[in-house]
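# Examining the three-dimensional arrangement
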Amino acid sequence: MATIRSLPAQLINQIAAGEVIERPASVIKELVENSLDAGAHSLRVDLEQGGIKLMRVTDDGGGLGRDDLALAVARHATSKIASLADLEGVATLGFRGEALPSIASVSRFALTSRRDGDAHAWRLACDGSDGTEPPQPAAHGVGTSVEVRDLFYNVPARRKFLRTERTELGHIDQLLTRFALARGDLSLRLTHNGRVSLELPAADAALDPTRLRRLLGEEFLAHALTLDDSAVGLRLHGLVASPAFARSQGDMQFFYVNGRLVRDKLVTHAVRQAFRDVLHHSRHPAFLLFLELPPRQVDVNVHPAKHEVRFRESRQVHDFIFQVLHRRLAAGQRGADGPAAEAAGPAPAAGEAAERQGPASVPRALPLGIADARGGYGCDQLRHTPPSRAAAAAARAFQGPAPALAEAPAAAPEAHTELPPLGFAIGQLHGIYVLAETADGLVIVDMHAAHERIGYERLKQAVHGEQLVRQPLLMPVSVHVSQAEADLADAHADLLTRLGLVIGRLGETQLVVRELPALLAQADAEQLLRDVLADLGTHGRSERIEAAVDGLLATMACHGAVRANRRLTLAEMNALLRDMERTERADQCNHGRPTWTRLTQRELDALFLRGR
């Protein structure tokens, strides 16, 4: 007797439902995607008991005819693809033909639809059993309604894993928010237990401020930086919040690939790298980004629920995302047309990013007459670490006496003179803040944080402008690794040498560290090698050494920056402001704190009730 048997159709559909349908929000996701693929511009979602009792999605899309209804709930029946070529270049949100039969197998299901030009609509009902009744005439406008009642009523083991009504409603609300962010032209209405929970009219612009304010909040918009860049067939556009809006968790990260919301490790890594120099490690960036590329360059058929994608040229996509965000963050709040963006130069082609990403430009040197004495760099770690020639030169330039500040006016110019972006200094507050008058109000600068960023960028440029100086170890460090890690070290030997790591192989599973970057001579050589190999194995690249070097430079810049309660002249304050305008990422210090803020004339008037 055969031990392998064919499964009945109903059981097959319920198994498929286990992969696709996790909770009510999973049902709503599949139904909304079908509506959008049908060309809908208006959606109504009605829920009862968090969707457990009832889910109804009504759209104004193209609709279905009588003959299509039975096929709509048949497995692997779809109008979206017909061949392998279609699958490789799929441009719709859905394509497998699994969602409706899976949903129908675990609920009391009804599908009502009407095409433009038909005399009336047709309705098909299922109750999770193998058979279905023929479609019946029904009253309905042009479009489709899908009604799902009693989810998992016939699969008690799945039903008991559903959460409370409030929790399930929260998941659906978050899901619809993600769809609304991607489709500004979509009118959306959500009701729960007969009460309107969310109502969004269609907007003329994809990133309509009123709509975004409703979905993401006023604070996100206040910190949002716009970006739109293209290269080698890729386009990245949208909004990224400044590092000052960093979150304690990644709850405001929305990334869309050809209109599809995805969670991708490659994208996450690229974004994290772009924020590395301006964000504290325990904080998370906030963004709303859209990546557009030819459909054949991305495989969307790699996850049951289509949450993940695979890029054909993953390295190229990673470098492109990193470079665009890196440049935009370097420009800061003054915008892509500001001085910092001009200094950044044209965007390099995707895929041409170097293994070590340094600053994109060389800020023009304008030393400030506000440096502390050389003892200000008295960091224990630095006392025992022999710096490279570049680092020493940078430190001397950062600390040395300043030339006459002829370029910096001692006082604010006449009123008719055009003001620079950060204005001209008018005074100092509590020995900490510089106050500057601008064309539209007042700028307040944290002088220590600002000078720290300026010094840090200069030190980075000096060190990364040359090949990392290596220092031989008096006692080479032996490291036991797996054979795969040893082979990885051999394969990337040239890259490791450029990063300042000279590695030898003593056996199949033993490596030896012979040289380290001079700035990291006191680092844990074994742990550094293991971390770098882990990065290479996961991402094919490593910024671990650069990050460690930058960490030391950040410490140097922090100790060398002007201290609180140091009284500055107006000339020194203006020199600091001009240097901020020339420095990339000047909006945040090395620890992710903001360096300056602005009060507009309108905000100042409001404080004193002027004009009321």
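Heads up: these notes are all about the structure in this document. Worth saying up front: this structure is predicted, and the values here are computed from it rather than measured. (Residues numbered from 1 in each chain as written. Predicted model: local features only at pLDDT ≥ 70, side-chain atom pairs only at ≥ 80, totals over all residues. Heavy atoms only, no water.)

With 12 residues, helix 1 (residues 9-20) extends 16 Å between its outermost C-alpha atoms, agreeing within 8% with the 16 Å of an ideal straight helix rising 1.5 Å per residue. Of the surrounding secondary structure, the elements contacted by the buried residues of helix 1 are helix 2 (24-37), helix 5 (99-104) and helix 6 (156-159). (Helix = DSSP H or I, 4+ residues; strand = E, 2+ residues; numbered from the N terminus. Expected span 1.5 Å × (residues − 1). Contact = heavy atoms within 4.5 Å.)

We now examine helix 19 (residues 544-560). Because an α-helix packs 3.6 residues into every turn, residues spaced three or four apart end up facing the same way. The end-to-end C-alpha distance of helix 19 is 24 Å, a good match for the 24 Å that 17 residues give at a rise of 1.5 Å each. Restricting attention to buried positions, one finds in helix 19 the residues Ile 545, Glu 546, Val 549, Asp 550, Leu 552, Leu 553, Ala 554, Met 556, Ala 557 and Gly 560. (Buried < 20%, exposed > 50% of the residue type's maximum accessible area, 1.4 Å probe, protein only.)

Interhelical geometry of helix 2 versus helix 7 (residues 165-182) gives an angle of 25° and a closest axis separation of 9 Å. As the angle between them shows, helix 2 and helix 7 are arranged roughly parallel. As helix 2 runs across helix 7, the sense of the crossing is right-handed. Contacts from Pro 24, Ala 25, Ile 28, Lys 29, Val 32, Glu 33 and Leu 36 in helix 2 reach Glu 168, His 171, Ile 172, Leu 175, Leu 176 and Phe 179 in helix 7. In terms of residue class, the contact of helix 2 with helix 7 is made up of nine nonpolar, one polar and three charged. (Axes fitted to C-alpha atoms, helices over the stretch in contact; angles between N-to-C directions. Parallel < 35°, antiparallel > 145°, perpendicular 65-115°, else oblique. Left-handed = near helix turned anticlockwise from the far one by under 90°. Nonpolar A, V, L, I, M, F, W, Y, C, P; charged D, E, K, R; others polar.)

The pairing of strands in a sheet comes from backbone hydrogen bonds and takes either a parallel or an antiparallel form. Judged by pairing direction, the sheet is mixed, and its five strands sit side by side in the order 9-10-13-11-12 without closing on themselves. Each edge of the open sheet carries a strand with a single partner, namely strand 9 (224-231) and strand 12 (260-261). Relative to strand 11 (residues 253-257), helix 7 is tilted by about 55°, and along the sheet it contacts strand 11, strand 12 and strand 13 (287-292). (Pairing = 2+ DSSP bridges.)

Right, let's talk about the nonpolar core for a bit. Grouped burial of nonpolar side chains is what soluble globular proteins tend to show. Counting 59 residues, the largest nonpolar core has Ile 28, Phe 109 and Leu 216 as the members making the most contacts within it. Sort the elements by how many residues they give to this core and helix 7 lands first, with seven residues. Leu 216 has contacts with Leu 181, Met 252, Phe 254 and Leu 288, leaving out every residue within four places of it along the chain. Val 257, Val 271, Ile 321 and Val 324 belong to the second largest nonpolar core, which has 34 residues in total. (Core = buried A, V, L, I, M, F, W, Y, C linked by side-chain atoms within 4.5 Å.)

A few words on the packing of aromatic side chains. Taken as a whole, this structure holds two aromatic pairs when the rule is applied. Relative to Phe 245, the ring of Phe 220 lies with its centre 5.9 Å away and its plane at 75°, an arrangement referred to as edge-to-face. You can see Phe 220 sitting in helix 9 (residues 218-223) and its partner Phe 245 sitting in the loop between strand 10 (234-241) and strand 11, a full 25 residues away along the chain. As far as burial versus exposure is concerned, Phe 220 and Phe 245 are alike and both buried. Aromatic side chains Tyr 256 and Phe 290 sit 5.0 Å apart centroid to centroid with 15° between the ring planes, which places their arrangement in the stacked category. You can see Tyr 256 sitting in strand 11 and its partner Phe 290 sitting in strand 13, a full 34 residues away along the chain. In this structure, Tyr 256 and Phe 290 share a single accessibility class: buried. Above the ring of Trp 122, the side-chain terminus of Arg 66 is found at 5.1 Å from the ring centroid. (Phe/Tyr/Trp six-rings, centres within 6.5 Å; stacked < 30°, edge-to-face > 60°. Lys NZ or Arg CZ within 6 Å of the ring centre and 35° of its normal.)

What follows covers a nonpolar patch on the surface. A contiguous nonpolar patch, built from Leu 7, Leu 11, Ile 12 and Ile 15 and spanning about 310 Å² of accessible area, is present on the exposed surface. In this fold, Leu 11 is placed in helix 1. Residue classification places Leu 11 among the partly exposed residues on the basis of a relative accessible area of 35%. (Patch = residues over 30% accessible without salt bridge, like charges linked within 9 Å, V, L, I, M, F, W, Y side chains within 5 Å. Areas by Shrake-Rupley, 256 points an atom, 1.4 Å probe, with all protein chains shown as cover. Salt bridge = Lys/Arg side-chain N within 4 Å of Asp/Glu carboxyl O.)

With that out of the way, let us pick up the pairing of strand 18 (residues 441-446). Among the six residues that make up strand 18, five are buried, leaving the element largely enclosed by the rest of the structure. Relative to strand 18, strand 17 (residues 433-438) runs antiparallel, the two sharing six bridges. Its bridge partner being in strand 18, Glu 437 is matched across the sheet by Leu 442. Hairpin connection of strand 17 to strand 18: two residues between the antiparallel strands. Relative to strand 22 (residues 596-600), strand 18 runs antiparallel, the two being bridged by five bridges. Its bridge partner lying in strand 22, Leu 442 is registered against Leu 599.

For the rest of this paragraph, the subject is unusual backbone geometry. Only a minority of non-glycine residues have a phi that is not negative, and only a minority of peptide bonds are not trans. The backbone of His 76 sits at a positive phi, close to 55°, despite the residue not being glycine. Topologically, His 76 is positioned in the loop between helix 3 (66-72) and helix 4 (84-88). Non-glycine residue Leu 609 carries a positive phi angle of around 60°. Examined against the element boundaries, Leu 609 turns out to sit in the segment after helix 21 (601-607). Overall, Leu 609 belongs to the exposed group, its relative accessible area being 52%.

Counted under the stated rule, the structure contains 36 salt bridges. The salt bridge partner of Arg 505 is Asp 487, with a shortest N-O separation of 2.9 Å. With a gap of 18 residues between them, Arg 505 in strand 20 (residues 502-507) and Asp 487 in helix 16 (residues 483-491) connect regions that are remote in the sequence. Overall, the relative accessible area of 30% leaves Arg 505 in the partly exposed class. By relative accessible area, Asp 487 is classed as partly exposed at 36%. In this structure, the salt-bridge partner of Asp 605 is Arg 610, at a minimum N-O distance of 3.8 Å. A relative accessible area of 23% means that Asp 605 is categorised as partly exposed. Overlapping salt bridges, with partners in common, bring together Asp 277, Arg 453, Glu 457, Lys 460, Glu 584 and Arg 585 in one network.

Attention shifts here to the packing of helix 15 (residues 447-464) against helix 20 (residues 570-582). Interhelical geometry of helix 15 versus helix 20 gives an angle of 50° and a closest axis separation of 10 Å. Here helix 15 is positioned oblique relative to helix 20, judged by the angle of their axes. You can see that helix 15 and helix 20 cross each other, and the crossing is left-handed. Between helix 15, through Met 447, Ala 450, His 451, Ile 454 and Arg 458, and helix 20, the contact on the second element is made entirely by Leu 576, Asp 579 and Met 580.

Let us look at the state of the cysteines. Overall, the coordinates contain zero disulfides when judged by the stated rule. With no disulfide of its own, Cys 558 lies 8.0 Å from the sulfur of Cys 589, the closest cysteine sulfur. (Disulfide = S-S within 2.5 Å.)

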